[in-house]
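The lines below spell out each chain.
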Amino acid sequence: LRPLKDTLYDEMIKASDELRFEDAGKIYRRIKALNNYQSMSVMVSSKIIDCDVFSTIIDENVAFCNVLRVRRGAIVTLQTIRMDISIEATEEDVLSTAIQHIVDVANEGLAPEVIVPKIPSAAPLFDKVKFIRPKIGEKAKLLNFSLKSAETYRAEYMDELEKHNPDRVANRLM
């Protein structure tokens, strides 16, 4: 994007010098849109091309599941969902349910590589998908980022819940 933005910047300066301020304003808005797009499609690592990252936070009978999708080295999706679960549900079961939900809703299969904190219980059902539990490196950083996103969503959800029902939070603390 850098060469395109440089070209547009030069065109904007030229239009401004020629007193074509409306044209310069249009070009400025295009540059701004490109900057916005660039900030939204965060580049990951040149080593990580296509992968999906799933993380979960289980809180009583609710799970917060985050998915981060990397395509061509850029984060293209970052989404957290809240799921009602049974108290007996394991993290592996919750991951399996979340992965299947995301696949169904997005109407898109999984990447060939899926980064997870634990291997999902239904992992054998996903053909041609390699589940990875990284300990260090770029993949571990992506998993940690996904987990932080889920934690942020959980905190926002709990704040909203507290605003609408302060008694529930007080009872929960007791």
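None of the values given here were measured: they were computed from a predicted structure. (Residues numbered from 1 in each chain as written. Predicted model: local features only at pLDDT ≥ 70, side-chain atom pairs only at ≥ 80, totals over all residues. Heavy atoms only, no water.)

S.K.: Go over the packing of aromatic side chains, please, and point to the residues and values.
M.R.: Note on aromatic pairs: each is described by the distance of the centres and the angle between the planes. Following the criterion strictly, the structure yields three aromatic pairs and no others. Among the aromatic residues, those joined into a ring-pair cluster are Phe 64, Tyr 153 and Tyr 157. (Phe/Tyr/Trp six-rings, centres within 6.5 Å; stacked < 30°, edge-to-face > 60°.)

S.K.: Before we move on, can you summarise the sheet that holds strand E1 (residues 51-59) with the specific residues and values?
M.R.: Pairing in this open sheet of five strands is mixed, and the strands run E3-E2-E1-E4-E5 from one edge to the other. Each having just a single partner strand, strand E3 (74-84) and strand E5 (130-132) make up the two edges of the open sheet. Geometrically, the sheet is characterised by an average inter-axis angle of 20° between neighbouring strands, direction not taken into account. With three bridges joining them, strand E4 (residues 113-115) and E5 adopt parallel strand pairing. Bridge assignment links Glu 113 to a residue of E5, and that residue is Lys 130. Across the sheet, helix H3 (residues 91-106) is in contact with E1, strand E2 (62-71), E3 and E5; its angle to E1 comes to roughly 130°. Contacting E1, E2, E3, E4 and E5, helix H4 (residues 138-164) crosses the sheet at an angle of about 40° to E1. (Pairing = 2+ DSSP bridges. Helix = DSSP H or I, 4+ residues; strand = E, 2+ residues; numbered from the N terminus. Axes fitted to C-alpha atoms, helices over the stretch in contact; angles between N-to-C directions. Contact = heavy atoms within 4.5 Å.)

S.K.: Could you give an account of H4, naming the residues involved and the relevant values?
M.R.: Taking 1.5 Å as the rise per residue, H4 with 27 residues should run 39 Å; its terminal C-alpha atoms sit 39 Å apart, in good agreement. Inspection of H4 places Ala 140, Leu 142, Leu 143, Ser 146, Ser 149, Ala 150 and Met 158 among the buried residues, and these make up the whole buried set. (Expected span 1.5 Å × (residues − 1). Buried < 20%, exposed > 50% of the residue type's maximum accessible area, 1.4 Å probe, protein only.)

S.K.: Break down the pairing of E2 for me, with residues and values.
M.R.: Among the ten residues of E2, ten are classified as buried, and the element is accordingly described as predominantly covered. By the alternation rule, side chains of E2 split into Val 62, Phe 64, Asn 66, Leu 68 and Val 70 and Ala 63, Cys 65, Val 67, Arg 69 and Arg 71, which are all buried. Looking at chain direction, E1 and E2 are connected through nine bridges and run antiparallel. Bridging from a neighbouring strand, Thr 56 pairs with Cys 65 of E2. The pairing of E2 with E3 spans ten bridges and is antiparallel. The residue bridging Val 62 from the neighbouring strand is Asp 84, located in E3. Linkage of E2 to E3, two consecutive antiparallel strands, is achieved through a turn of two residues, within which Arg 72 is found at a positive phi near 50°.

S.K.: Can you break down the environment of Asp 84 residue by residue, with the values?
M.R.: Here Asp 84 is to be found in strand E3. Apart from the residues within four sequence positions on either side, Asp 84 is in contact with Asn 61 and Val 62. Within polar-contact distance, the side chain of Asp 84 engages the side chain of Arg 82 at 3.0 Å. (Polar contact = N/O pair within 3.5 Å; in protein donor to acceptor, adjacent residues only side chain to side chain.)

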